[in-house]
Amino acid sequence: MTITDLPNTADFITNERYGEYEATFSVRGTIRITIKAESLEEARSKADAMTEDEEFGLELDDAEDVSLDRVGKTRPMFLVTRDGQSMQVSHLQPGDLPRQPDERGF
């Protein structure tokens, strides 16, 4: 994919998300959970698999080191049809087509 393969952002309806900003934090902390397993090896395997889960979903028991990395404007969302599906996306991909708002609004 080259930059010229990307659709022109000016062709799309854009939700600029006025008044929305994004803060990114780095956090070092501790999470303690109970894992049900038949052996220590199985428990280690399950715990290791949890580190690969993009939706880890557990809350920190103790946040030891929290720092603010950046605060910036939230990315705009584009109304697109991608692979036949209507959606909002923050990054355009080759093949994305502009669309109009649907019955749900933006």
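Provided above is the structure to which this section pertains.
A brief report on the enclosed structure follows. (Residues numbered from 1 in each chain as written. Predicted model: local features only at pLDDT ≥ 70, side-chain atom pairs only at ≥ 80, totals over all residues. Heavy atoms only, no water.)

Looking at the overall build of the chain
Along the chain, the regular secondary structure elements total one helix and six strands. In terms of overall dimensions, the chain is more spread out than a globule: its C-alpha atoms have a radius of gyration of 21 Å, far above the 13 Å expected for 106 residues. Principal-axis analysis of the C-alpha atoms gives the chain an extent of 55 × 35 × 30 Å. When each of the 106 residues of the chain is scored for burial, the buried share is 12%. For the chain, the exposed area adds up to about 8,500 Å²; of that, 48% sits on carbon and sulfur atoms. In the chain, 12 side chains carry a positive charge and 23 a negative one; their mean positions are 2 Å apart. (Helix = DSSP H or I, 4+ residues; strand = E, 2+ residues; numbered from the N terminus. Rg over C-alpha atoms; globule rule 2.2 N^0.38 Å. Buried < 20%, exposed > 50% of the residue type's maximum accessible area, 1.4 Å probe, protein only. Areas by Shrake-Rupley, 256 points an atom, 1.4 Å probe, with all protein chains shown as cover. Lys, Arg positive; Asp, Glu negative; His and termini not counted. Charge placed at Lys NZ, Arg CZ, Asp CG, Glu CD.)

Notes on the pairing of strand 4 (residues 77-82)
Of all six residues in strand 4, five are buried; the element is thus mostly enclosed. Bridge count for strand 1 (residues 14-15) against strand 4 is two bridges, and the pairing is antiparallel. Within the sheet, the bridge partner assigned to threonine 14 lies in strand 4 and is phenylalanine 78. The antiparallel hairpin formed by strand 4 and strand 5 (residues 85-89) contains two residues in its connecting segment, where aspartate 83 sits at a positive phi of about 50°. (Pairing = 2+ DSSP bridges.)

Overview of a nonpolar patch on the surface
Side chains of Tyr21, Phe25, Val27, Ile31, Ile33, Phe56, Leu58, Leu60, Val66, Leu68 and Val71 sit close together on the surface and give an oily, nonpolar patch of about 1,000 Å² of accessible area. For the nonpolar patch, the elements supplying multiple residues, two or more each, are strand 2 (21-30) and strand 3 (62-73). Tracing the backbone through its elements, the reader meets valine 71 in strand 3. (Patch = residues over 30% accessible without salt bridge, like charges linked within 9 Å, V, L, I, M, F, W, Y side chains within 5 Å. Salt bridge = Lys/Arg side-chain N within 4 Å of Asp/Glu carboxyl O.)

With respect to the nonpolar core
Among the nonpolar cores identified, the biggest contains five residues, and these are Phe12, Phe78, Val80, Val89 and Leu92. When near neighbours in sequence (up to four residues on either side) are disregarded, phenylalanine 12 contacts Pro7, Phe78, Leu79, Val80, Leu92, Asp96, Leu97 and Pro98. (Core = buried A, V, L, I, M, F, W, Y, C linked by side-chain atoms within 4.5 Å. Contact = heavy atoms within 4.5 Å.)

Re the environment of valine 89
When you line up the elements, valine 89 lands in strand 5. Measuring from C-alpha to C-alpha, the distance between valine 89 and glutamate 16 comes to 12 Å, with 73 residues separating the pair along the chain.

Structural notes on the environment of proline 98
Within the secondary structure layout, proline 98 lies in strand 6 (residues 97-98). Looking at proline 98, the relative accessible area reads 44%, which means it is partly exposed. Once the C-alpha coordinates of proline 98 and asparagine 8 are considered, the two residues, 90 residues apart in sequence, prove to be 9.7 Å apart. Those residues in contact with proline 98 that sit more than four places away from it in its chain are Asp11, Phe12 and Leu79.

Some points on the side chain of threonine 74
Topologically, threonine 74 is positioned in the loop between strand 3 and strand 4. Judged by relative accessible area, threonine 74 falls into the buried class, the value being 6%. One polar contact links the side chain of threonine 74 to the main-chain amide nitrogen of tyrosine 21, over a distance of 3.2 Å. Apart from residues no more than four positions distant in its own chain, threonine 74 is found in contact with Glu16, Arg17, Glu20, Tyr21 and Glu22. (Polar contact = N/O pair within 3.5 Å; in protein donor to acceptor, adjacent residues only side chain to side chain.)

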